[in-house]
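# Residue-level structural notes
Each chain, written out:
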Amino acid sequence: MDSRDAPTRSTPSGRPLVRGSAIATGIAVFLAGVALALWIVFGRFLFGVGGELTPIYLLIGIVIVFLYAFIGQAMARAATRGYLTRRATLVTLIAAWGCGILLGLTIPDVTPDGLQTVISGTAEPWRGIAIGLANPAGIITIALSIAALVLANQDARGPRPSDDETP
């Protein structure tokens, strides 16, 4: 029997099941997380600002990769089941990515020239301002990533019936 002759499975919403696109969605989200983690951990080296704090920042990168792996898995599970990813999930994920980019620009590192960031170099007061932005940006990145994971898992469970729909 040819795969084209196989009956088409449909999702609870009546749409045909497209497993390949669901897996692609999960992989794309995971790769976005890997890219973000690489930016936060190693992005400073592109600007000659990499230094001895990189191993410490590797912990942040590992956390982000794991979070995005689980987010990608949940989004793929939702797509496989035929459920749409809510706009809130996508906006939260994009906001986490934006804060992560800001973190990569403002996270300080120790170089032979002293403590510096990508956007400020060693110049004061900009270095202090950049470092002051880095801490909240990192916290918000992790918090929004966790929120996106929770929302993606809720999306994978499907819509909940409203009070009017329950018997």
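Before reading further, recall that the structure is shown in the block above.
So, how was this worked out
- Residues numbered from 1 in each chain as written.
- Predicted model: local features only at pLDDT ≥ 70, side-chain atom pairs only at ≥ 80, totals over all residues.
- Heavy atoms only, no water.
- Helix = DSSP H or I, 4+ residues; strand = E, 2+ residues; numbered from the N terminus.
- Contact = heavy atoms within 4.5 Å.
- Areas by Shrake-Rupley, 256 points an atom, 1.4 Å probe, with all protein chains shown as cover.
- Expected span 1.5 Å × (residues − 1).
- Buried < 20%, exposed > 50% of the residue type's maximum accessible area, 1.4 Å probe, protein only.
- Patch = residues over 30% accessible without salt bridge, like charges linked within 9 Å, V, L, I, M, F, W, Y side chains within 5 Å.
- Salt bridge = Lys/Arg side-chain N within 4 Å of Asp/Glu carboxyl O.
- Core = buried A, V, L, I, M, F, W, Y, C linked by side-chain atoms within 4.5 Å.
- Polar contact = N/O pair within 3.5 Å; in protein donor to acceptor, adjacent residues only side chain to side chain.

## Thoughts on the overall build of the protein
Within the protein, the regular secondary structure consists of four helices and two strands. Order of helices (α) and strands (β) in the protein, N terminus to C terminus: α-α-α-β-β-α. Within the protein, contacts between residues at least 6 apart in sequence are counted, and of these 73% link residues at least 24 apart. Accessible area for the protein stands at about 9,700 Å²; split by element, carbon and sulfur atoms hold 67% of it.

## Quick word on helix 3 (residues 87-106)
Every α-helix carries 3.6 residues per turn, so stepping three or four residues along brings you back to the same face. Across its 20 residues, helix 3 extends 29 Å between first and last C-alpha, which sits within 8% of the 28 Å expected from 1.5 Å per residue. Listed in full, the buried residues belonging to helix 3 are Thr89, Thr92, Leu93, Ala96, Cys99, Gly100, Leu103, Gly104 and Thr106.

## Thoughts on unusual backbone geometry
Between Glu124 and Pro125 the backbone carries a cis peptide bond, its omega angle lying at 5°. In this fold, Pro125 is placed in the loop between strand 2 (114-116) and helix 4 (126-157).

## Structural notes on a nonpolar patch on the surface
Together, Leu38, Phe42, Phe45, Leu58, Leu59, Ile62, Phe66 and Phe70 line one region of the surface with nonpolar side chains, adding up to about 790 Å² of accessible area. At the level of secondary structure, the elements contributing two or more residues to the nonpolar patch comprise helix 1 (19-42) and helix 2 (54-80). For the nonpolar patch, the element with the highest residue contribution is helix 2, accounting for five residues. Here Leu59 shows up in helix 2.

## Focus on helix 4
With 32 residues, helix 4 should reach 46 Å at 1.5 Å per residue; the first-to-last C-alpha distance of 46 Å fits that figure. In the stretch just after helix 4, Gly158 is the one whose phi turns positive, near 90°.

## Overview of the pattern of salt bridges
Under the defined criterion, the tally for this structure stands at three salt bridges. For Arg86, the salt bridge goes to Asp155, with nearest N and O atoms at 2.4 Å. With a gap of 69 residues between them, Arg86 in the loop between helix 2 and helix 3 and Asp155 in helix 4 connect regions that are remote in the sequence. Judged by its relative accessible area of 37%, Arg86 falls in the partly exposed class. The class of Asp155 is buried, set by a relative accessible area of 4%.

## Notes on the nonpolar core
Generally speaking, soluble globular proteins have nonpolar side chains that are buried together. If you look at the biggest cluster of nonpolar residues, it comprises 21 residues, and the most contacted ones within it are Ile40, Tyr68, Ile71 and Leu93. For this core, the elements supplying multiple residues, two or more each, are helix 1, helix 2, helix 3 and helix 4. With seven residues, the top contributor of residues to this core is helix 2. Those residues in contact with Ile40 that lie beyond four places of it in its chain are Ile60, Ile64, Gly100, Leu103, Gly104 and Ile107.

## Quick word on the side chain of Thr117
Structurally, Thr117 can be placed in the loop between strand 2 and helix 4. For Thr117, the side chain forms a polar contact with the side chain of Ser120, separated by 2.6 Å. Residues contacting Thr117, with those up to four places away along its chain left out, are Val49, Leu105, Thr106, Ile107, Pro108, Ala130 and Ile131.

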